[in-house]
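So you can see what is in the structure, the chains are spelled out below.
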Amino acid sequence: PLLIYIHGGGFVGGDKRSIGPDIIRRCHEARVSVASLHYRVVTTHPFPAPQQDVARAVQFLRSRADEWNLDATRFAAFGGSAGAGLSMWLGFHDDLADPDSADPVARQSTRLKAVGSIGGQSTYDPNVIKAWVGGRAHEHPSIYKCYGIASIDEITNPKLQPLYDEVSAIQHLTADDPPVFMLYSEPDAPLPANARPGQGIHHAVFGDKLGAELDRLGIENVYLHTSDRSRGNVQQDMIEALLQWLTR
(Lines give C-alpha, C1' and ligand atoms only; values in the text may rest on other atoms or scores of the structure.)
Protein backbone atom coordinates (compact mmCIF):
# COMPACT_ATOMS: atom_id res chain seq x y z
CA PRO A 1 0.00 0.00 0.00
CA LEU A 2 0.99 3.65 -0.47
CA LEU A 3 0.39 6.66 1.78
CA ILE A 4 0.80 9.99 -0.04
CA TYR A 5 1.67 13.21 1.78
CA ILE A 6 0.57 16.54 0.27
CA HIS A 7 2.14 19.60 1.86
CA GLY A 8 0.36 22.75 2.97
CA GLY A 9 1.37 26.37 2.55
CA GLY A 10 -1.71 28.31 1.53
CA PHE A 11 -1.18 27.27 -2.11
CA VAL A 12 1.64 29.83 -2.29
CA GLY A 13 4.49 27.83 -0.73
CA GLY A 14 5.39 24.73 1.22
CA ASP A 15 7.60 21.77 0.49
CA LYS A 16 7.15 18.03 0.15
CA ARG A 17 10.11 17.51 2.50
CA SER A 18 7.97 18.74 5.40
CA ILE A 19 6.64 15.26 6.06
CA GLY A 20 7.67 14.07 9.52
CA PRO A 21 10.33 11.34 9.62
CA ASP A 22 8.37 9.62 12.40
CA ILE A 23 5.46 9.19 9.99
CA ILE A 24 7.72 7.60 7.39
CA ARG A 25 9.17 5.23 10.00
CA ARG A 26 5.72 4.20 11.22
CA CYS A 27 4.52 3.53 7.68
CA HIS A 28 7.56 1.42 6.91
CA GLU A 29 7.01 -0.56 10.12
CA ALA A 30 3.52 -1.31 8.79
CA ARG A 31 4.96 -2.27 5.37
CA VAL A 32 3.35 0.75 3.75
CA SER A 33 5.27 2.85 1.23
CA VAL A 34 5.31 6.66 1.36
CA ALA A 35 5.31 9.31 -1.36
CA SER A 36 5.38 13.10 -1.01
CA LEU A 37 4.27 15.55 -3.68
CA HIS A 38 5.10 18.98 -4.99
CA TYR A 39 2.52 20.92 -7.01
CA ARG A 40 2.39 24.25 -8.80
CA VAL A 41 1.50 27.17 -6.57
CA VAL A 42 -1.03 29.89 -7.32
CA THR A 43 1.53 32.69 -7.46
CA THR A 44 2.24 31.43 -10.99
CA HIS A 45 -0.58 28.96 -11.73
CA PRO A 46 -4.04 29.70 -10.24
CA PHE A 47 -6.73 27.14 -9.51
CA PRO A 48 -7.21 24.43 -10.65
CA ALA A 49 -3.49 23.84 -11.36
CA PRO A 50 -2.68 22.43 -7.87
CA GLN A 51 -5.60 20.02 -8.09
CA GLN A 52 -4.58 18.92 -11.57
CA ASP A 53 -1.01 18.36 -10.40
CA VAL A 54 -1.83 16.12 -7.44
CA ALA A 55 -4.20 14.09 -9.60
CA ARG A 56 -1.46 13.64 -12.20
CA ALA A 57 0.99 12.65 -9.46
CA VAL A 58 -1.35 9.90 -8.25
CA GLN A 59 -1.69 8.67 -11.82
CA PHE A 60 2.08 8.72 -12.26
CA LEU A 61 2.59 6.71 -9.07
CA ARG A 62 0.03 4.16 -10.23
CA SER A 63 1.78 3.90 -13.57
CA ARG A 64 4.93 2.81 -11.68
CA ALA A 65 3.14 0.40 -9.35
CA ASP A 66 4.78 -2.76 -10.68
CA GLU A 67 8.23 -1.21 -10.87
CA TRP A 68 8.05 0.25 -7.35
CA ASN A 69 6.24 -2.66 -5.68
CA LEU A 70 3.05 -0.69 -4.97
CA ASP A 71 -0.48 -2.04 -4.63
CA ALA A 72 -2.32 0.21 -7.08
CA THR A 73 -5.65 -0.59 -5.41
CA ARG A 74 -4.51 0.75 -2.03
CA PHE A 75 -3.49 4.42 -2.21
CA ALA A 76 -4.36 6.98 0.49
CA ALA A 77 -3.49 10.66 0.91
CA PHE A 78 -3.22 13.12 3.78
CA GLY A 79 -1.93 16.60 4.50
CA GLY A 80 -2.49 19.80 6.42
CA SER A 81 -4.28 22.96 5.33
CA ALA A 82 -3.91 23.19 1.54
CA GLY A 83 -2.57 19.64 1.54
CA ALA A 84 -5.67 18.51 3.41
CA GLY A 85 -7.95 20.26 0.94
CA LEU A 86 -6.14 18.63 -1.96
CA SER A 87 -6.26 15.21 -0.29
CA MET A 88 -10.02 15.52 0.23
CA TRP A 89 -10.47 16.74 -3.33
CA LEU A 90 -8.65 13.66 -4.62
CA GLY A 91 -10.64 11.39 -2.36
CA PHE A 92 -14.05 12.72 -3.37
CA HIS A 93 -13.61 13.73 -7.00
CA ASP A 94 -14.86 11.42 -9.73
CA ASP A 95 -12.10 9.34 -11.27
CA LEU A 96 -10.09 11.47 -13.70
CA ALA A 97 -8.72 8.47 -15.60
CA ASP A 98 -9.06 8.70 -19.37
CA PRO A 99 -9.07 5.08 -20.59
CA ASP A 100 -8.86 6.17 -24.22
CA SER A 101 -5.83 8.43 -23.79
CA ALA A 102 -2.66 7.81 -25.76
CA ASP A 103 -0.80 8.77 -22.58
CA PRO A 104 -0.40 5.70 -20.34
CA VAL A 105 -0.22 7.89 -17.22
CA ALA A 106 -3.52 9.60 -18.03
CA ARG A 107 -5.20 6.19 -18.26
CA GLN A 108 -4.53 5.56 -14.56
CA SER A 109 -7.10 6.06 -11.81
CA THR A 110 -7.00 9.01 -9.41
CA ARG A 111 -9.15 7.36 -6.74
CA LEU A 112 -8.06 6.82 -3.13
CA LYS A 113 -8.83 4.26 -0.42
CA ALA A 114 -8.64 6.70 2.52
CA VAL A 115 -8.11 10.39 3.28
CA GLY A 116 -6.54 12.28 6.19
CA SER A 117 -7.18 15.99 6.77
CA ILE A 118 -5.39 18.25 9.28
CA GLY A 119 -7.17 21.60 9.49
CA GLY A 120 -8.55 21.08 6.01
CA GLN A 121 -10.93 23.35 4.12
CA SER A 122 -13.78 21.26 2.73
CA THR A 123 -14.76 24.20 0.51
CA TYR A 124 -12.73 26.88 -1.25
CA ASP A 125 -15.78 28.90 -2.23
CA PRO A 126 -15.10 32.26 -0.51
CA ASN A 127 -18.81 33.02 -0.30
CA VAL A 128 -19.44 29.75 1.53
CA ILE A 129 -16.42 30.34 3.78
CA LYS A 130 -17.87 33.75 4.66
CA ALA A 131 -21.20 32.15 5.57
CA TRP A 132 -19.72 29.23 7.52
CA VAL A 133 -16.84 30.88 9.38
CA GLY A 134 -17.83 34.54 9.48
CA GLY A 135 -15.41 37.35 10.23
CA ARG A 136 -12.89 37.87 7.46
CA ALA A 137 -11.73 34.29 6.94
CA HIS A 138 -12.81 34.51 3.29
CA GLU A 139 -10.33 37.39 2.82
CA HIS A 140 -7.31 35.13 3.20
CA PRO A 141 -4.50 36.58 1.04
CA SER A 142 -4.30 33.40 -1.06
CA ILE A 143 -7.87 33.88 -2.31
CA TYR A 144 -6.75 36.65 -4.66
CA LYS A 145 -4.11 34.48 -6.30
CA CYS A 146 -6.20 31.31 -6.33
CA TYR A 147 -8.88 32.97 -8.46
CA GLY A 148 -6.95 35.75 -10.18
CA ILE A 149 -8.97 38.56 -8.62
CA ALA A 150 -7.81 42.00 -7.55
CA SER A 151 -10.59 42.85 -5.08
CA ILE A 152 -12.56 40.81 -2.56
CA ASP A 153 -15.71 42.30 -4.08
CA GLU A 154 -15.09 40.13 -7.14
CA ILE A 155 -15.87 36.90 -5.26
CA THR A 156 -19.58 37.29 -6.05
CA ASN A 157 -18.93 37.18 -9.80
CA PRO A 158 -21.16 34.29 -10.98
CA LYS A 159 -18.58 33.38 -13.64
CA LEU A 160 -16.35 32.08 -10.83
CA GLN A 161 -18.94 29.67 -9.40
CA PRO A 162 -18.05 26.70 -11.65
CA LEU A 163 -14.43 27.00 -10.53
CA TYR A 164 -15.46 27.31 -6.87
CA ASP A 165 -17.48 24.12 -7.23
CA GLU A 166 -14.72 22.27 -9.08
CA VAL A 167 -12.01 22.88 -6.46
CA SER A 168 -14.21 22.40 -3.37
CA ALA A 169 -14.01 18.83 -2.08
CA ILE A 170 -17.45 18.81 -0.48
CA GLN A 171 -19.07 19.46 -3.87
CA HIS A 172 -17.83 16.09 -5.14
CA LEU A 173 -19.05 13.82 -2.33
CA THR A 174 -20.84 10.62 -3.32
CA ALA A 175 -21.72 7.56 -1.27
CA ASP A 176 -18.88 5.48 -2.75
CA ASP A 177 -16.15 7.81 -1.43
CA PRO A 178 -13.42 6.58 0.95
CA PRO A 179 -13.28 6.96 4.75
CA VAL A 180 -11.98 10.26 6.12
CA PHE A 181 -10.07 11.21 9.27
CA MET A 182 -10.47 14.90 10.19
CA LEU A 183 -8.24 16.65 12.72
CA TYR A 184 -8.75 20.28 13.80
CA SER A 185 -7.10 22.58 16.32
CA GLU A 186 -8.76 25.98 15.83
CA PRO A 187 -11.54 26.71 18.35
CA ASP A 188 -14.96 25.49 17.28
CA ALA A 189 -16.48 28.86 18.19
CA PRO A 190 -17.44 32.18 16.59
CA LEU A 191 -14.56 34.42 15.56
CA PRO A 192 -13.83 37.56 17.57
CA ALA A 193 -15.27 40.84 16.34
CA ASN A 194 -11.78 42.08 15.44
CA ALA A 195 -10.77 38.97 13.47
CA ARG A 196 -8.11 39.75 10.91
CA PRO A 197 -8.26 38.78 7.21
CA GLY A 198 -7.77 35.04 6.86
CA GLN A 199 -8.29 34.28 10.54
CA GLY A 200 -10.39 31.13 10.87
CA ILE A 201 -9.27 29.56 7.61
CA HIS A 202 -8.64 26.30 9.52
CA HIS A 203 -11.83 26.59 11.57
CA ALA A 204 -13.39 23.39 12.86
CA VAL A 205 -16.65 24.27 11.08
CA PHE A 206 -15.08 22.93 7.87
CA GLY A 207 -15.00 19.53 9.56
CA ASP A 208 -18.43 19.96 11.14
CA LYS A 209 -20.05 20.64 7.78
CA LEU A 210 -18.14 17.88 6.02
CA GLY A 211 -18.83 15.38 8.79
CA ALA A 212 -22.56 16.00 8.51
CA GLU A 213 -22.45 15.24 4.79
CA LEU A 214 -20.27 12.16 5.32
CA ASP A 215 -22.73 10.87 7.91
CA ARG A 216 -25.67 11.58 5.61
CA LEU A 217 -24.04 9.53 2.86
CA GLY A 218 -22.98 6.74 5.20
CA ILE A 219 -19.25 7.32 4.66
CA GLU A 220 -17.02 6.20 7.53
CA ASN A 221 -15.32 9.16 9.21
CA VAL A 222 -13.52 10.23 12.36
CA TYR A 223 -13.43 13.78 13.76
CA LEU A 224 -10.94 14.74 16.46
CA HIS A 225 -10.08 18.10 17.98
CA THR A 226 -6.70 18.72 19.57
CA SER A 227 -8.45 20.22 22.59
CA ASP A 228 -9.34 16.66 23.60
CA ARG A 229 -6.13 16.07 25.56
CA SER A 230 -7.35 12.66 26.70
CA ARG A 231 -6.57 11.36 23.22
CA GLY A 232 -2.83 11.95 23.52
CA ASN A 233 -1.15 12.33 20.12
CA VAL A 234 -4.12 12.89 17.82
CA GLN A 235 -1.95 13.11 14.70
CA GLN A 236 -0.63 9.67 15.51
CA ASP A 237 -4.26 8.54 15.82
CA MET A 238 -4.84 9.78 12.28
CA ILE A 239 -1.84 7.93 10.86
CA GLU A 240 -2.89 4.72 12.62
CA ALA A 241 -6.40 5.04 11.19
CA LEU A 242 -5.05 5.60 7.68
CA LEU A 243 -2.79 2.55 8.01
CA GLN A 244 -5.72 0.44 9.15
CA TRP A 245 -7.88 1.61 6.26
CA LEU A 246 -5.03 0.94 3.83
CA THR A 247 -4.18 -2.54 5.04
CA ARG A 248 -7.57 -4.03 5.91
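Residues numbered from 1 in each chain as written. Predicted model: local features only at pLDDT ≥ 70, side-chain atom pairs only at ≥ 80, totals over all residues. Heavy atoms only, no water.

**Some remarks on the packing of helix α4 (residues 126-133) against helix α7 (residues 205-217)**
- Where α4 contacts α7, the two axes come as close as 10 Å, and the packing angle between them is 100°. The orientation of α4 relative to α7 falls into the category roughly perpendicular. Contact residues: I129, W132 and V133 in α4; V205, F206 and K209 in α7.
- When grouped by side-chain class, the residues that make up the contact of α4 with α7 number five nonpolar, no polar and one charged. (Axes fitted to C-alpha atoms, helices over the stretch in contact; angles between N-to-C directions. Helix = DSSP H or I, 4+ residues; strand = E, 2+ residues; numbered from the N terminus. Parallel < 35°, antiparallel > 145°, perpendicular 65-115°, else oblique. Contact = heavy atoms within 4.5 Å. Nonpolar A, V, L, I, M, F, W, Y, C, P; charged D, E, K, R; others polar.)

**Points about the layout of surface pockets**
- For the largest pocket, the calculated volume is near 170 Å³.
- Lining of the largest pocket is provided by 13 residues; of these, G10, Y124, H140, S142 and I201 occupy positions nearest its centre.
- Looking at which element gives the most residues to the lining of the largest pocket, the answer is helix α5 (residues 141-147), with three residues. (1 Å grid on protein atoms, 1.4 Å probe; cavity = no way out; pocket = protein on both sides within 12 Å on 5 of 7 lines; lining within 4 Å. Points joined across faces, edges and corners; volume = space filled by probe spheres on them.)

**Describing helix α3 (residues 82-92)**
- Of all eleven residues that make up α3, eleven are buried, and the element is covered over most of its length.
- Within α3 the residues assigned to the buried category are A82, G83, A84, G85, L86, S87, M88, W89, L90, G91 and F92. (Buried < 20%, exposed > 50% of the residue type's maximum accessible area, 1.4 Å probe, protein only.)

**Focus on the pattern of salt bridges**
- For the structure on display, the rule yields twelve salt bridges.
- R17 is the partner of D15 in a salt bridge, and the nearest nitrogen-oxygen pair spans 2.8 Å.
- By relative accessible area, which is 24% here, D15 ends up partly exposed.
- The partner of R26 in a salt bridge is E29, and the shortest N-O contact between them spans 3.5 Å. With R26 and E29 both in helix α1 (residues 21-29), this residue pair falls three residues apart, about one helical turn.
- A relative accessible area of 27% means that R26 is categorised as partly exposed. (Salt bridge = Lys/Arg side-chain N within 4 Å of Asp/Glu carboxyl O.)

**Some words on the environment of R248**
- With respect to the helices, strands and loops of the structure, R248 is situated in the segment after α8 (234-247).
- Remark: the alpha-carbon pair of R248 and F206, spanning 42 residues in sequence, is separated by 28 Å.
- When neighbours within four sequence positions are excluded, R248 is seen to be in contact with K113, P179 and E220.
- Here E220 takes part through its side chain, which lies 3.1 Å from a polar atom of the side chain of R248. (Polar contact = N/O pair within 3.5 Å; in protein donor to acceptor, adjacent residues only side chain to side chain.)

**So, α4**
- All of the buried residues in α4 are P126, I129 and V133. Buried residues along α4 cover an arc of 50° about the axis, so they all sit on one side.
- Of the surrounding secondary structure, the elements contacted by the buried residues of α4 are α5, α6 (161-167) and α7.
- A distance of 2.9 Å separates the backbone nitrogen of N127 from a side-chain oxygen at the start of α4, and that oxygen is part of D125. (Arc of directions from axis to C-beta.)

**Focus on the pairing of strand β4 (residues 114-118)**
- Among the five residues of β4, four are classified as buried, and the element is accordingly described as predominantly covered.
- Bridge analysis of strand β3 (residues 75-80) against β4 gives five bridges, and the strand direction is parallel. When the bridges of β4 are listed, A76 appears paired with A114.
- In this view, the connection linking β3 to its parallel neighbour β4 by way of α3 has right-handed handedness.
- Strand direction decides the pairing type here: β4 and strand β5 (residues 180-184), joined by four bridges, are parallel. (Pairing = 2+ DSSP bridges. Right-handed = clockwise from strand over helix to strand, strands pointing away.)

**With respect to the environment of P46**
- Within the fold, P46 resides in the loop between β2 (33-37) and α2 (49-63).
- A C-alpha to C-alpha distance of 9.9 Å links P46 and S142, two positions 96 residues apart in sequence.
- Those residues within four positions of P46 in sequence are excluded, and the remaining contacts are K145 and C146.

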